[in-house]
Amino acid sequence: MPLALLALAVGAFGIGTTEFVIMGLLPEVADDLHVSIPTAGHLVSAYALGVVIGAPLLAALTSRMSRRTVLIGLMALFVAGNVLSAFAPGYDSLMAARFLSGLPHGAFFGMGAVVATTMVAPERKARSVSLMFLGLTVANVVGVPAATLMGQHLGWRATFLGVSAIGLVAIASLALLIPHDHAHAPVVGLRREMAALRSLPVWLALGTTVAGFGALFSAYSYITPMLTDAAGFADGSVTLLLALFGVGATVGNLVGGRLADHSLRGTLFGGLTSLAAVLALFPLLMSTEWTAALAVVLLGVAAFVTGSPLQLMVMEKASAGPSLASSANQAAFNLANAGGAWIGGLALAAGFGATSPALAGAALAVLGLGVAATAATVDRRRSVPGRERVVATHVPHEAEALQH
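Report follows, based on the coordinates. Worth saying up front: this structure is predicted, and the values here are computed from it rather than measured. Think of each chain on its own: its residues are numbered from 1, step by step along the sequence as written. Where totals are concerned, whole chains, interfaces and linings use all residues; where local detail is concerned, this predicted model gives features only for residues with pLDDT of at least 70, and gives and counts side-chain atom pairs only at 80 or more. In computing side-chain values, all of the structure's heavy atoms are included and hydrogens and water are not.

1. A word on the environment of Pro104
To keep things clear, this is the line we draw: Put simply, DSSP marks the helices as runs of H or I at least four residues long and the strands as runs of E at least two long, and each gets a number from the N terminus on. The buried label goes to any residue with under 20% of its type's maximum accessible area, the exposed label to any with over 50%, and the partly exposed label to all in between, with areas taken from a 1.4 Å probe on protein chains only. In what follows, a contact means two residues having at least one pair of non-hydrogen atoms within 4.5 Å.
If you trace the backbone, Pro104 turns up in helix H6 (residues 91-118). By relative accessible area, Pro104 is classed as buried at 1%. Separated by 47 residues in sequence, Pro104 and Leu57 have C-alpha atoms that sit 9.7 Å apart. Filtering out sequence-adjacent residues up to four positions away, Pro104 remains in contact with Leu58, Leu74, Leu77 and Phe78.

If you want it as structure tokens, here you go:
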């Protein structure tokens, strides 16, 4: 695997840290800016809105630019958003800065996934994407706890300055390690990118992402009350348990990348089936502390096994113009975050119990399986003889570049 993937992983590490660290710093931010914690919680939504808007918008605006240049520019925008967050004089300005920080998120992962697959042999494409996503999962194990601790002891503004420093390291890594000859976009243009996005298989792949990761966030958004109210953990133990989720996500991401290179669709179906089973067992697993800890790890593994396959599926279905669709898939992940949390909240509000969001998530995972099965049926009807693997191979200009 090329060292350039390390540069992408460093950028993903910084993005993952800034996305999730705000959740652990809401009390400090609320106290400093003299707002309530629920009001401070809107900062999470501002970032997610930036991701959803920025992913397709920035991918479209940069469709004819060098991918290497775009990745460096996106990381520069990320640094600017975090610096502005650190020096925001008030709540409104911090809200705007968080929105700005979210804009490059989806486009970076979308473009990075395309670049990663152009630098490896066809049989290693899924692993290359999983190694980039490794930065995101490791951020949940190391970056977020460390940044939260920094914010609690040095002030929340120091956290955003620290994340900005990670972004600067990522810019230097991208400039040094991303090869010029593998990172220039073929002459696709916005019209061709948009045409690829209008394909039914692309939308089925995006729908699978929304349902599959919506299943995760339906449960994960309410994992703290499950662990404290149902499993009986003390509040101080939750941080360590969330780190265990990050460990599971890291393992699932790496395993999913390897399996998907052998059978992309098989890995996707297996991951969604496992996710549905784990979530369905949550009420039982949350009955004791050790089984609850196991459930948190298994949730991370099952959910992130599907990350690389979902990203590659979208790229393959939009192979004539993959950058916009790949970025749109990142917007789909964030829609899954918001939608899953909303559905899990409905289950709680209806009085079905602390573990009911997990059962709602299991239903979403089954829905994801249904969408994936529909996509498989459509593929069989459109299949070309002799093409069994589902990977992003039909990008002639990039293949030609690799041969040189």
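2. Examining the packing of H6 against helix H16 (residues 307-317)
For any two helices packed against each other, the geometry is given by the interaxial angle and the distance between the axes. Formally: To get an axis, fit a line to the C-alpha atoms, keeping to the stretch in contact for a helix; angles then go from 0 to 180 degrees between the N-to-C directions. Small angles under 35 degrees read as roughly parallel and large ones over 145 as roughly antiparallel, with 65 to 115 read as roughly perpendicular and the rest as oblique. Just so you know the grouping, Ala, Val, Leu, Ile, Met, Phe, Trp, Tyr, Cys and Pro go in nonpolar, Asp, Glu, Lys and Arg go in charged, and all remaining residues, Gly too, go in polar.
Here H6 crosses H16 at 80 degrees, and the two axes come no closer than 11 Å. For the element pair H6 / H16, the angle class is roughly perpendicular. Seen from H6, the contacting residues are Gly110, Ala113, Val114 and Thr117; seen from H16, they are Gln311, Leu312 and Met315. Residue classes in the contact of H6 with H16 are distributed as four nonpolar, three polar and no charged.

3. A word on the environment of Ser199
With respect to the helices and strands, Ser199 occurs in the loop between helix H9 (189-197) and helix H10 (200-220). Considering only alpha carbons, one finds Ser199 and Ala318, 119 residues apart in sequence, at a separation of 7.5 Å. The contact partners of Ser199, leaving out residues within four places of it in the chain, are Lys317 and Arg382.

4. Remarks on the packing of aromatic side chains
Note the cut-off: Any pair of Phe, Tyr and Trp rings, taking the six-membered ring for Trp, is counted once the centres come within 6.5 Å. Such a pair is stacked with planes under 30 degrees apart, edge-to-face with planes over 60 apart, and tilted for the rest.
The tally for this structure, following the rule as stated, stands at seven aromatic pairs. Geometrically, the ring pair formed by Phe109 and Phe133 is tilted, given 5.7 Å between the ring centres and 55 degrees between the ring planes. Residue Phe109 is found in helix H6, and its partner Phe133 is found in helix H7 (residues 125-154); the two are separated by 24 residues along the sequence. Geometrically, the ring pair formed by Phe213 and Phe333 is edge-to-face, given 4.7 Å between the ring centres and 85 degrees between the ring planes. Taken together, the residues span a long stretch of sequence, with Phe213 in helix H10 and Phe333 in helix H17 (residues 322-349) at a distance of 120 residues. The pair Phe213 / Phe333 is uniform in exposure class, with both members buried. Joined through ring pairs, the aromatic side chains of Phe213, Tyr220, Phe245, Phe304 and Phe333 make up one cluster.

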